[in-house]
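What the coordinates show
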Amino acid sequence: MIRTIRTRLFLGITFCISVPAALATLVFVQDRSLAFYVAYSFGAVLVISALLGLFLSRRLTAPLLILSQKMREYVEGEFKLQADLGGLDHAPDEVGQVAREFGELQDAIRDHLSSISQMAYFDNLTGAASRAYMNQRLQEMISTSKRRGEGFSLFFVDLDAFKSVNDSLGHDAGDQLLIEVTNRLRDAARQSDFIARLGGDEFCVLLEGLSDEADIAVVAERCIARIETPVTIAGRTFRPQCSIGISRYPSDGNDAKELIDAGDNAMYAAKVAGHHRFEFFRKEMSQRAADRLKLAQELRAAVSNEDFLLRYQPQVDISSGEIVGWEALIHWDHPDRGMLPPDEFAPEVERLGLINELGSWIIRRASCQLAAWSDQGLGDMRVSVNVAPRQLSDRQLYDNILEALTAAKVEPGQLELAITESGIQSAPDGRRVLERLKSLGVRVAIDEFGTGHSSLASLKVLPADCLKIDRSFVQDMATNPQDAVLLGTIMAMGHALRFEIIAEGVEQLEQLQILQGLDCDRVQGSFFSQPVAAKQVPELVARGFVDGPAAESPENAGRRAG
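The shown structure was predicted, so the numbers you read here are calculated from the model rather than taken from an experiment.

Some thoughts on the packing of helix H8 (residues 256-272) against helix H9 (residues 284-305)
It is the contact of H8 with H9, at a shortest axis distance of 10 Å, that shows an interaxial angle of 80°. Accordingly, the angle class assigned to the pair H8 and H9 is roughly perpendicular. Residues Asn 265, Ala 266, Tyr 268 and Ala 269 of H8 form the contact with H9, whose own contacting residues are Met 285, Ser 286, Ala 289 and Arg 292. Its residues assigned to classes, the contact of H8 with H9 comprises five nonpolar, two polar and one charged.

Things to note about the confidence of the model for the chain
Mean pLDDT over the chain: 80, with 73% of residues reaching 70 or higher. Note on residues 549-562: pLDDT is under 50 here. Beyond four places in sequence and across chains, it has 26 contacts.

Examining the pairing of strand E1 (residues 152-160)
Among the nine residues that make up E1, nine are buried, leaving the element largely enclosed by the rest of the structure. As defined by bridge partners, E1 adjoins strand E6 (residues 241-249) across nine bridges and the pair is classed as antiparallel. Bridging across to E6, Ser 153 finds its partner in Arg 248. Examined bridge by bridge, E1 and strand E3 (residues 202-207) share six bridges and lie antiparallel to one another. Along E3, the bridge assignment pairs Ser 153 with Leu 207.

Considering the pattern of salt bridges
Following the criterion strictly, the structure yields 23 salt bridges and no others. One salt bridge in this structure joins Lys 468 and Glu 327, with 3.4 Å as the shortest N-O distance. Of this pair, Lys 468 sits in strand E14 (residues 466-469) while Glu 327 sits in strand E9 (residues 323-334), placing them 141 residues apart in sequence. We note a salt bridge from Arg 522 to Glu 500, for which the minimum N-O separation is 3.0 Å. Here Arg 522 is found in strand E16 (residues 522-523), whereas its partner Glu 500 is found in strand E15 (residues 500-503), with 22 residues between them in sequence. The network of salt bridges with shared partners includes Arg 382, Glu 416, Arg 443, Glu 500 and Arg 522.

Parameters and conventions
- Residues numbered from 1 in each chain as written.
- Predicted model: local features only at pLDDT ≥ 70, side-chain atom pairs only at ≥ 80, totals over all residues.
- Heavy atoms only, no water.
- Axes fitted to C-alpha atoms, helices over the stretch in contact; angles between N-to-C directions.
- Helix = DSSP H or I, 4+ residues; strand = E, 2+ residues; numbered from the N terminus.
- Parallel < 35°, antiparallel > 145°, perpendicular 65-115°, else oblique.
- Contact = heavy atoms within 4.5 Å.
- Nonpolar A, V, L, I, M, F, W, Y, C, P; charged D, E, K, R; others polar.
- pLDDT = per-residue confidence, 0-100.
- Buried < 20%, exposed > 50% of the residue type's maximum accessible area, 1.4 Å probe, protein only.
- Pairing = 2+ DSSP bridges.
- Salt bridge = Lys/Arg side-chain N within 4 Å of Asp/Glu carboxyl O.

As structure tokens, this is what we get:
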């Protein structure tokens, strides 16, 4: 286009100069004998005009041609080149201004490209590599390792109970923890290792040239130990925990997706095995992952459709034989597998982050059932509901419980929340939340007491009303005198601190007799009744167990007859 402008400009200038010159010659030269002179003069003027027009057109359009060419080079170079505009230093003012503005545009584009590259390849919060950068780096490592005949490893790192930090301390505290974990991974990993944040609380570490299992284990243990050092955030000190899944090239995958999936599956296996540990990928984990994916899809649909029901196991006063309460146990009415007990799906519910939603449903349903039993004339029954540690980090827990009790017109003291001691300790605000609920009137029971991290010394500060002795003590005390002695010590301490004592898992008459001798308060187990549907509760309440726990239970009668 600029060349066309230059041609037109050249012709225009030539015309504007030569024609007036020729006309002037013809007008002022009256002697026709001088025709030769006139023609010569006209030709000379035409040549001079043409040369002058060519000079002026080049003078005006050459800078535009240079600028156009530089722009084309800059665009074709995908904005990666820096166009040299030095040739336009002496361009006319207007063209020079355009050139200067184009130079400023180049600088702005380069700055924006740098910013976009930073966002694309690095995590804005932690400064670690992004998922996109990690995928690119992983592809490069696969190509290099294949060419050299070497191996490398991938760590899939996931923080345990990270959601509880966000829920209880806020997202700013969660962000601080993610930054701290990133720095700790950098400290624990080798200088040559590549660290990326995949999103949320998931990280990936690529360990180039490291494929020996023993060497990998050393790095994994160092990462876990470093991450789990106590940290103080938002004025609270707690110990972060993580689970690590390990996959290796080429044994666990030949491309990026296979290696990442293998690491993810191994990480899940580490969580199932007890958290804050690492697991190497094994082939059988792939099928488990497929089964887990199907289960996750079914669970999400079940929670949305409320395809669950509660069954109730009686808690019996050991001295009177009367039913004084019930433990609500959730079951899943699976379309293909039938009625599933909580042990078969509860861990997956927690992993999927559905526990708060499902837990709220359980509390609402149990509260409504208490109201229904009261309408049937059964009196003010008490129901114990199991609470997962993550629920204590739910900021809506208190409001949800209050709303459920108010809507059902149930007294707070009729609801009992059962949670493990370790669950209270793992939730940053667990103790404060339970203290607030107790002030409302809701009862609190320490579940599975005597196992895990339970400590008699902590009894004096636990916000609880009763202790639920784990069934492992009850099962063996008839044959192991040491269990009976230990159980007696726990009960004596609990009573001295004004706790009510509940023993779970009573299955035999001998166990019941020992518990009576130890002055236990309440008992529950299959010796009295298996968990029953809500419609069976009135019949069991009317019958009671005053004349013998097993004799009057239809479930136990059937068991003895069999």
